[in-house]
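Descriptive structure summary
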Amino acid sequence: MPWFVKIEEGIVDKPTFDQYVPAHKAYVQDLIAKGHQAKTGYWAERGGGMLLFEASSKQEAQAIVERDPLVANYCVKYQLHEWRIIADSTTLT
């Protein structure tokens, strides 16, 4: 399955953003349970973050991103990219 990355930038104040973080984390846990191997985090210098996940197509990836509570509640603007892996622990010998 292809990998996708949502690179995001916060566009609301921190208290507004923080109220949706628990729902975002629960959403990512649900993606993990459904086999999307999702990982999420934020930049140490604040102001943005990233969601990395597998999806069967760009259309499915877009739908996944649009259901993310941070996106659905207009807390972030984002870019969505397909990420093509050229080396990882399974290809290095």
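Structure: above.
Heads up: these notes are all about the structure in this document.

What counts and how
- Residues numbered from 1 in each chain as written.
- Predicted model: local features only at pLDDT ≥ 70, side-chain atom pairs only at ≥ 80, totals over all residues.
- Heavy atoms only, no water.
- Helix = DSSP H or I, 4+ residues; strand = E, 2+ residues; numbered from the N terminus.
- Rg over C-alpha atoms; globule rule 2.2 N^0.38 Å.
- Buried < 20%, exposed > 50% of the residue type's maximum accessible area, 1.4 Å probe, protein only.
- Contact = heavy atoms within 4.5 Å.
- Areas by Shrake-Rupley, 256 points an atom, 1.4 Å probe, with all protein chains shown as cover.
- Core = buried A, V, L, I, M, F, W, Y, C linked by side-chain atoms within 4.5 Å.
- 1 Å grid on protein atoms, 1.4 Å probe; cavity = no way out; pocket = protein on both sides within 12 Å on 5 of 7 lines; lining within 4 Å.
- Points joined across faces, edges and corners; volume = space filled by probe spheres on them.
- Nonpolar A, V, L, I, M, F, W, Y, C, P; charged D, E, K, R; others polar.
- Expected span 1.5 Å × (residues − 1).
- Bend = angle between axes of the 7 residues up to and from the residue.

1. Let's talk about the overall build of the protein
Of the regular secondary structure elements, the protein holds 3 helices and 4 strands. Reading the protein from its N terminus to its C terminus gives the helix and strand order β-α-β-β-α-α-β. The C-alpha atoms of the protein give 14 Å as radius of gyration, which agrees with the globular expectation for 93 residues (12 Å, within 12%). Along the first, second and third principal axes, the C-alpha atoms of the protein reach 45 × 25 × 20 Å. Burial statistics for the protein: of 93 residues in total, 30% are counted as buried. Sequence-distant contacts, at least 24 apart, represent 68% of the contacts inside the protein between residues at least 6 apart. Entry remark: accessible area of the protein is about 6,100 Å², with carbon and sulfur atoms responsible for 56%.

2. Concerning unusual backbone geometry
With a phi close to 50°, Gln37 is a non-glycine residue in the positive phi region. Backbone geometry places Tyr74, a non-glycine residue, at a positive phi of 60°. When you line up the elements, Tyr74 lands in the loop between α3 (69-72) and β4 (76-83). A residue is classified by how much of its surface remains accessible, and Tyr74, at 64% relative accessible area, is exposed.

3. So, the nonpolar core
Core analysis: the biggest nonpolar cluster contains 16 residues, and Phe4, Ala38, Phe53, Ala55, Ala61, Ile64 and Leu80 have the highest contact counts within it. Broken down by secondary-structure element, the contributors of at least two residues to this core are α1 (14-33), β3 (48-54), α2 (58-67), α3 and β4. With near-sequence residues (within four places) excluded, Ala38 lies in contact with Val28, Leu31, Ile32, Leu51, Leu52 and Phe53.

4. Focus: the layout of surface pockets
In this model, the largest pocket occupies a volume close to 450 Å³. Lining of the largest pocket is provided by 18 residues; of these, Phe17, Asp18, Val21, Tyr42 and Gly48 occupy positions nearest its centre. Only β1 (3-10), α1, β2 (39-42) and β3 provide two or more residues apiece to the lining of the largest pocket. Per-element accounting of the lining of the largest pocket gives the leading share, 6 residues, to α1. Considering only residue class, the lining of the largest pocket consists of 5 nonpolar, 7 polar and 6 charged.

5. Regarding α1
For α1, built from 20 residues, the straight-helix expectation of 28 Å at 1.5 Å per residue is met to within 8% by its first-to-last C-alpha distance of 28 Å. Within α1, the axis deviates most sharply at Val21, by approximately 35°, and proline Pro22 lies no more than four positions further along. Within α1, burial applies to His24, Tyr27, Val28 and Leu31. Tucked inside the fold, the buried residues of α1 contact β1, β2, β3, α2 and α3.

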